[in-house]
Amino acid sequence: MSNLTFSERIHIPRYDDTAEIEYGIVTFDEEKCSGCGICVKACPADTLELMDKKSKMKTPNECMACSVCTAICPDDAITMHKNYRHSGYFKMIGFGELTMPRM
Ligand code: SF4
Ligand code: SF4
């Protein structure tokens, strides 16, 4: 941190720059997914879509790992696979293990 310039220290990462942001990843169990589309409508990042009656992440993915989709899926078909993280000059703190949201 001490080697950073002042402008680097006060830099705020841009949400839409993949060099500065690592987006979350959710995975789907296609056997369980009924294609109801609730997760697609609930996703605040608008990063899910239905294809062939199965939910998928859009490309590019802008998941903020909020876990809304995992909580709302009636078929328990979605799993958080990777957290959303700032990269760049931010000190990483312990995120802990990925856990299901409280219901
Ligand atoms: S909410 Fe669950 S069952 Fe419905 S489309 Fe999404 S993943 Fe499939
Ligand atoms: S974790 Fe949140 S942002 Fe990511 S896909 Fe699910 S609802 Fe969308």
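Use the structure listed above.
The model shown is predicted, which means the values in this text are computed figures rather than measured ones. Think of each chain on its own: its residues are numbered from 1, step by step along the sequence as written. Throughout, the order in which chains and ligands are written sets their labels, letters from A for the former and numbers from 1 for the latter. Whole-chain, interface and lining totals are the exception, using all residues; otherwise, since this is a predicted model, local features are given only for residues with pLDDT of at least 70 and side-chain atom pairs are given and counted only at 80 or more.

A. Molecular detail of the overall build of the chain. Looking only at helices and strands, the chain features three helices and six strands. Going residue by residue from the N terminus, the α and β elements of the chain occur as α-β-β-α-β-β-α-β-β. Of all 103 residues assigned to the chain, the portion counted as buried reaches 16%. In this description, any two residues whose backbone-derived C-beta atoms lie within 7 Å of each other are considered to be in contact. Counting contacts in the chain only where the partners sit at least 6 residues apart, residues at least 24 apart contribute 62% of the total. Secondary structure elements are taken from DSSP: a helix is a run of H or I of four residues or more, a strand is a run of E of two residues or more, and numbering for both begins at the N terminus. Three exposure classes are used, all based on how many other C-beta atoms lie within 10 Å of a residue's own C-beta (placed from the backbone): buried at 20 or more, exposed at 12 or fewer, and partly exposed between those limits.

B. Spotlight on the site of ligand 2. For each residue, a C-beta position is placed from the backbone atoms; the residue is near a molecule or strand when that point lies within 6 Å of it. By nearness alone, 14 residues border ligand 2, and Cys43, Ala45, Cys63, Cys66 and Cys69 come closest of all. Polarity classes work like this: nonpolar for Ala, Val, Leu, Ile, Met, Phe, Trp, Tyr, Cys and Pro, charged for Asp, Glu, Lys and Arg, and polar for all others, with Gly in that last group. Residues that form the shell around ligand 2 fall into these classes: eleven nonpolar, three polar and no charged.

C. Main features of the site of ligand 1. Around ligand 1 sit 13 residues, and of these Cys33, Cys36, Cys39, Ser55 and Cys73 come closest. Here the residues of the shell around ligand 1 are counted per class, giving eight nonpolar, four polar and one charged.

D. How the structure looks around the pairing of strand β3 (residues 48-51). For two strands to pair, DSSP has to find at least two bridges joining them. One ladder, built from four bridges, connects β3 with strand β4 (residues 54-57); its direction is antiparallel. By the bridge assignment for β4, Glu49 is matched with Lys56. Linking β3 to β4, which pair antiparallel, is a turn of two residues; within it Asp52 sits at a positive phi near 55°.

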